[in-house]
Amino acid sequence: MDLFNVDHYNKVREYREKVGLPNSNLTVELIDHELINKSIKNLITNKIGIIEKIFKQFYCGWYISYLVCYEGNSHGVVIINNINSFSNEILNIIEENEKNFIIL
């Protein structure tokens, strides 16, 4: 049995949007986080980027993601820290990213 009903979650978000309630409060920007403007390295590609923004996001629980700017102004998102998400997809991404990225 799944603990998180994705269909219900999507219906609630659709309804909130339909009646004019915010449904985007599932992403919170952490504007004073200590890692903003720090360098992060992808150990697979050896690319180094700068952490421009950090977000607390919700999917089956909360987790932390970084918006990273690489050379040439390309951007990427790195999901790096679990707070309480129990989504296997999120947990697997975090496990891989913990192996593949380091803060410099």
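Here, residues in each chain are numbered from 1, in the same order as that chain's written sequence. For a predicted model such as this one, the threshold for reporting local features is a pLDDT of at least 70, and the threshold for listing and counting side-chain atom pairs is 80 or more; totals across whole chains, interfaces and linings nevertheless cover every residue. The basis for every side-chain value is the complete set of heavy atoms in the structure, and neither hydrogens nor water enter the calculation.

### Description of the nonpolar core
Turning to step 1, where the next piece is worked out: Membership of the largest hydrophobic core is limited to 11 residues, which are L35, I40, I51, I54, I64, Y66, V68, Y70, V78, I80 and F101.
Turning to step 2, where the next piece is worked out: Helix numbers and strand numbers start at the N terminus; a helix is a DSSP run of H or I with at least 4 residues, a strand a run of E with at least 2. Among the elements that line this core, the one with the most residues is strand β4 (residues 62–70), at four residues.
Turning to step 3, where the next piece is worked out: Residues contacting V78, with those up to four places away along its chain left out, are I64, S65, Y66, V68, Y70, N97 and F101. By nonpolar core is meant a set of buried Ala, Val, Leu, Ile, Met, Phe, Trp, Tyr and Cys residues that side-chain atoms within 4.5 Å join together. Think of it in three bands: residues with accessible area under 20% of the maximum for their type are buried, residues over 50% are exposed, and the middle band is partly exposed, with areas taken using a 1.4 Å probe on protein chains only. Note on contacts: a residue pair qualifies if any of its non-hydrogen atoms lie within 4.5 Å across the two residues.

### Remarks on the pattern of salt bridges
Turning to step 1, where the next piece is worked out: One speaks of a salt bridge when a side-chain nitrogen belonging to Lys or Arg is within 4 Å of a carboxyl oxygen belonging to Asp or Glu. Under the counting rule described, the total for this entry stands at two salt bridges.
Turning to step 2, where the next piece is worked out: Linking K99 and E95 is a salt bridge whose minimum nitrogen-to-oxygen distance equals 4.0 Å. Linking K99 with E95, this pair stays in helix α2 (residues 88–100), spanning four residues, or about one helical turn.
Turning to step 3, where the next piece is worked out: The residue K99 makes a salt bridge to E96 at a minimum N-O spacing of 3.7 Å. Residue K99 and its partner E96 are both found in helix α2; the two are separated by three residues, about one turn of the helix.
Turning to step 4, where the next piece is worked out: One salt-bridge network, in which partners are shared between bridges, spans E95, E96 and K99.

### Notes on a nonpolar patch on the surface
Turning to step 1, where the next piece is worked out: For patch building, the residue pool is restricted to those with more than 30% relative accessible area and no salt bridge; the joining distance is 9 Å between like charges and 5 Å between nonpolar side chains (Val, Leu, Ile, Met, Phe, Trp, Tyr). In this description, accessible areas are obtained by the Shrake-Rupley approach with a 1.4 Å probe, and a residue is regarded as covered only by the protein chains that are shown. Taken together, the side chains of L43, I48, I102 and L104 define a hydrophobic patch exposed on the protein surface, amounting to about 340 Å² of accessible area.
Turning to step 2, where the next piece is worked out: Note that I48 resides in strand β3 (residues 48–58).
Turning to step 3, where the next piece is worked out: For I48, a relative accessible area of 46% gives the class partly exposed.

### Quick look at the environment of E34
Turning to step 1, where the next piece is worked out: As for its placement among the helices and strands, E34 is situated in the loop between β1 (27–29) and β2 (39–42).
Turning to step 2, where the next piece is worked out: For the pair formed by E34 and I54, sequence separation is 20 residues and the distance between their alpha carbons is 9.6 Å.

### So, the packing of aromatic side chains
Turning to step 1, where the next piece is worked out: A pair of aromatic rings is counted whenever rings of Phe, Tyr or Trp (Trp by its six-membered ring) have centres within 6.5 Å, and the orientation is called stacked for planes under 30 degrees apart, edge-to-face for over 60 and tilted otherwise. In this structure the tally under the stated criterion is one aromatic pair.
Turning to step 2, where the next piece is worked out: Ring plane angle 75° and centroid distance 5.2 Å describe the contact between F58 and W62, whose orientation is recorded as edge-to-face.
Turning to step 3, where the next piece is worked out: Consider the ring centre and the ring normal. A charge sits over the ring if Lys NZ or Arg CZ is within 6 Å of that centre and within 35 degrees of that normal. The side chain of K47 reaches across the aromatic face of Y70, ending 5.9 Å from its centre.
Turning to step 4, where the next piece is worked out: A cation over an aromatic ring shows up here: K56 above the ring of W62, its NZ or CZ 4.8 Å from the ring centre.

### A few points about unusual backbone geometry
Turning to step 1, where the next piece is worked out: Residue N37 is not a glycine yet carries a positive backbone phi of 75°.
Turning to step 2, where the next piece is worked out: For N37, the location among the structural elements is in the loop between β1 and β2.
Turning to step 3, where the next piece is worked out: Among the residues examined, N37 registers a relative accessible area of 59% and is labelled exposed.
Turning to step 4, where the next piece is worked out: One non-glycine residue, N46, lies in the positive phi region at around 65°.
Turning to step 5, where the next piece is worked out: The topology assignment puts N46 in the loop between β2 and β3.

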